[in-house]
Amino acid sequence: MDPDYSAQDVARCDLCKTAIAQSYCDFCHVNLCKPCIGEHISDDYKINHAIVPIQQRKSTLIYPKCQTHHNEDCKYQCNDCNISICFDCLASKQHNKEHEFVKLEEVYNTKKKHVQSDTEELENQILPVYEEIANELEMQIASLDEEYKKLTTEMSKQREEMHREVDNAIDQMEKEIDEIKVKHHSILQKHLAEIKQLQSLMQQTLLVLNEIEESNEVSKTIHFSSKNDEFSKLPPKVVASIPKFIPKQIEREELCSLIGKLTPLSTTLEERVFTAKKPSTSVRELLDQPEVLNTIKTGHQYLCSVTCLNEEKIWTSGQTADIKCFNIQGVLQKTIQTKSGYLPDDIAVDRDGALLYCDWKTKIVFRVKNDQTEDIITLQGWTLNNLCASSSGDLLVTMFSDNGTQSKVVRYSGSTVKQIIQFDDKGQPLYSGNDKIKYVGENRNLDICVADYDAGAVVVVNQNGKLRFRYTGHPSPTKTKPFKPRGITIDSQDRILTADGDNNCIHILDTDGQFLCYIDNCDLKRPYGLCVDSNDSLFVCEYTKGNVKKIKYSK
């Protein structure tokens, strides 16, 4: 490879096909090596070849040929006639002298700028918007199963409720049947008792008649009075009809109206307005020597998490039920107790300024705003680990299965699951399957970054859950212990910062996972949780010392 033309090492001469091309004919559009230039020009001496260095290829303008003067190039344009003309046309006064003429080179350069501007706008402004729209639609499609499952779950609840009400109604009717049966039985039993009483009187009368018939006493016989007329008057017959169940004919439409109403699928088209994003002009370069601006003594025996409420205040938590708020001067502003009395696994602040914390014992994510605490997420079969409030208002939560064999990241909108990130394209787990801490953060490009301690890696996926890269540490003679990342945060420049507690340093990566530098000159002791504020000031938890160090690491 010719070192003078290293950028053009794949450009070969179009004539000899082997030598490296150093020149280019802007008229014929061919690559040429030095020996072949003469041969190319001699092929047709009538052609005005334009030989230029290959770095300047396609720099010579190719003008259209004049329709009137066939050997002349049109280098002007008549704005009034909107046609290209050559110098001879201009000199021959074929056009009105009052017409306005302009050089085609000027028109070409102006159009080139427009083309360049359009290209930049399309690549940097419009296409990214379409990518966002497509990603949004993909996420909607991915969440359809969960949303429709929620709909069928609501209907199943209504089914159970309807079944329960039907069972209650049938039970009530069965109770009424039992009551009617008792009443029916009582009526028949009373009538039977009356009949048996008459039968007893008749038996007594028969005994008297038999005695008289066998007796020869005159007085007893002549005073006998017959009761047969009385007995021959039969008692009335009790006719009691057993109740009948008359089932109501079920009308499908009426039944559906009783169950509820399913609204039809409704789709509308909302107008989108493209707004060009202003390029970011604030570039913060990394300092050669980061410096500690302040050390806040939190009083936590084991300090795990820190999150910025704003530029003036931070929240901290450790292995007690206390969650403390400090100003950046280190003055305690407020302390709250977890609702359950157990230590919080992690804390975060949402875009409304509310404090979020996850409770591993109760498996609940709590939200605290204006001293009011509410539970927003409750897990079953999984245990909470760490959380991150995303820029969209969603909540990213890392969790592990109760049996300690699986881990995943779940995106919530409120209490609704929007996305589950657990496996790669080959069906392999993205994260180590255990209960070790897995801190999570979101980049400005919507990448989801997880510090997987047990795997010894920072695992980054895009917003669709597709694996982008794994960072497993950077070789260093001074960092002798294995890379085991804990806290993770992302700054305004899309740089990823992760805590390496065993080596007492912070790793800084670019958005593609390339190692940039360490923060290892600030006398850090067991760095753990991390966060940055809007000014890219870094706050680092020192696990065993219970201090938060505020560090300036960028300009």
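Residues numbered from 1 in each chain as written. Predicted model: local features only at pLDDT ≥ 70, side-chain atom pairs only at ≥ 80, totals over all residues. Heavy atoms only, no water.

Caption draft 1: Summary view of the side chain of R284. Within the secondary structure, R284 sits in the loop between α6 (252-259) and β7 (286-297). Here R284 falls in the buried class, since its relative accessible area comes to 18%. A distance of 3.4 Å separates a polar side-chain atom of R284 from the backbone oxygen of S534. In contact with R284, other than residues within four places in its own chain, are S492, Q493, R495, S534, N535, D536, S554 and K555. (Helix = DSSP H or I, 4+ residues; strand = E, 2+ residues; numbered from the N terminus. Buried < 20%, exposed > 50% of the residue type's maximum accessible area, 1.4 Å probe, protein only. Polar contact = N/O pair within 3.5 Å; in protein donor to acceptor, adjacent residues only side chain to side chain. Contact = heavy atoms within 4.5 Å.)

Caption draft 2: Summary view of the sheet that holds strand β22 (residues 457-461). Reading across the sheet, the 4 strands line up as β20-β21-β22-β23 and stay open at both edges, with antiparallel pairing between neighbours. This sheet does not close on itself; its edge strands, each paired only once, are β20 (438-442) and β23 (467-471). Mean inter-strand twist for the sheet, computed between neighbouring axes without regard to direction, equals 15°. (Pairing = 2+ DSSP bridges. Axes fitted to C-alpha atoms, helices over the stretch in contact; angles between N-to-C directions.)

Caption draft 3: How the structure looks around the sheet that holds strand β15 (residues 372-378). Strand order in the open sheet formed by 4 strands is β12-β13-β14-β15, and the pairing between neighbours is antiparallel. Each edge of the open sheet is held by one strand with a lone partner, namely β12 (346-349) and β15. Pairwise comparison of adjacent strand axes, ignoring direction, gives a mean angle of 25° for this sheet. Two elements, strand β13 (residues 355-359) and strand β14 (residues 364-369), share 5 bridges in a ladder whose sense is antiparallel. Directly across from L356, in β14, lies its bridge partner R367.

Caption draft 4: Main features of helix α1 (residues 34-42). Listing the buried residues of α1 in full gives C36, I37 and H40. Down the axis of α1, the buried set is contained in an arc of 120°. They therefore lie on one face. The exposed set on the far side of α1, more than 90 degrees from its buried face, consists of P35 and S42. Against the buried residues of α1 lie β1 (23-25), β2 (30-32) and β3 (51-53). (Arc of directions from axis to C-beta.)

Caption draft 5: Examining the confidence of the model for the chain more closely. Across the chain, the average pLDDT comes to 87, with 94% of residues at 70 or higher. Throughout residues 1-8 the model reports pLDDT below 50, and contacts reaching past four residues in sequence, or to other chains, amount to 12 contacts. (pLDDT = per-residue confidence, 0-100.)

Caption draft 6: Region of the structure containing a negative patch on the surface. A surface patch of like charges, here negative, comprises D167, D171, E174, E176, D178 and E179. Here E174 lies in helix α3 (residues 104-214). (Patch = residues over 30% accessible without salt bridge, like charges linked within 9 Å, V, L, I, M, F, W, Y side chains within 5 Å. Areas by Shrake-Rupley, 256 points an atom, 1.4 Å probe, with all protein chains shown as cover. Salt bridge = Lys/Arg side-chain N within 4 Å of Asp/Glu carboxyl O. Lys, Arg positive; Asp, Glu negative; His and termini not counted. Charge placed at Lys NZ, Arg CZ, Asp CG, Glu CD.)

Caption draft 7: Quick peek at the environment of L467. Inspection of the secondary structure puts L467 in strand β23. On the accessibility criterion, L467 (38% relative accessible area) is partly exposed. Considering only alpha carbons, one finds L467 and Y543, 76 residues apart in sequence, at a separation of 30 Å.

Caption draft 8: Here's a closer look at the packing of aromatic side chains. What the rule picks out here adds up to 6 aromatic pairs. Ring geometry for Y528 versus Y543: centroids 4.9 Å apart, planes at 20°, classification stacked. Separated by 15 residues along the polypeptide, Y528 in strand β28 (residues 527-532) and Y543 in the loop between β29 (537-542) and β30 (547-554) bring together distant segments of the chain. By relative accessible area, Y543 is classed as buried at 14%. (Phe/Tyr/Trp six-rings, centres within 6.5 Å; stacked < 30°, edge-to-face > 60°.)

Caption draft 9: The pairing of strand β19 (residues 416-421), seen in detail. Where strand β18 (residues 407-413) meets β19, 5 bridges bridge the pair, whose relative direction is antiparallel. The residue bridging V409 from the neighbouring strand is I421, located in β19. Hairpin connection from β18 to β19: 2 residues lie between these consecutive antiparallel strands, with G414 at a positive phi of about 70°.

Caption draft 10: Broad picture of the state of the cysteines. Inspection of the entire model under this criterion finds 0 disulfides. In this structure C28 is a free cysteine whose sulfur lies 3.7 Å from that of C25, the closest cysteine sulfur available. C358 forms no disulfide, and the closest cysteine sulfur to it belongs to C304, at a distance of 11 Å. (Disulfide = S-S within 2.5 Å.)

Caption draft 11: Structural detail: the pairing of β14. With respect to burial, β14 is a largely interior element, 5 of its 6 residues being buried. From the end of β13 to the start of β14, which pair antiparallel, there are 4 residues, and K363 there has a positive phi angle of about 60°. Where β14 lies against β15, 6 bridges are found, and the strand directions are antiparallel. Pairing of V365 across the sheet is with I377, part of β15. What sits between the antiparallel neighbours β14 and β15 is a turn of 2 residues, in which N370 has the positive phi angle 55°.

Caption draft 12: Representation of the nonpolar core. Membership of the largest hydrophobic core comes to 26 residues, with the highest contact counts inside it found for V306, I314, I488, I496, F539 and V548. Sorting the residues of this core by element identifies β8 (303-308), β21 (448-452), β22, β23, β24 (485-490), β28 and β29 as the ones contributing at least two each. With 4 residues, the top contributor of residues to this core is β8. Core analysis: the next-biggest nonpolar cluster, separate from the first, contains 15 residues, C358, I377, L384 and Y412 among them. (Core = buried A, V, L, I, M, F, W, Y, C linked by side-chain atoms within 4.5 Å.)

Caption draft 13: The arrangement of the pattern of salt bridges in detail. Scanning the model with the defined rule gives 20 salt bridges in all. Between E374 and R367 there is a salt bridge, with its nearest N and O atoms 3.7 Å apart. We classify R367 as buried; its relative accessible area is 18%. A salt bridge links R468 to D512; the nearest nitrogen and oxygen atoms lie 2.5 Å apart. Here D512 lies in the loop between β26 (505-509) and β27 (515-519) and R468 lies in strand β23, a separation of 44 residues in the sequence. For R468, a relative accessible area of 34% corresponds to the partly exposed category. With a relative accessible area of 43%, D512 lands in the partly exposed category. By sharing partners, the salt bridges in this structure join D350, D352, R367 and E374 into a single network.

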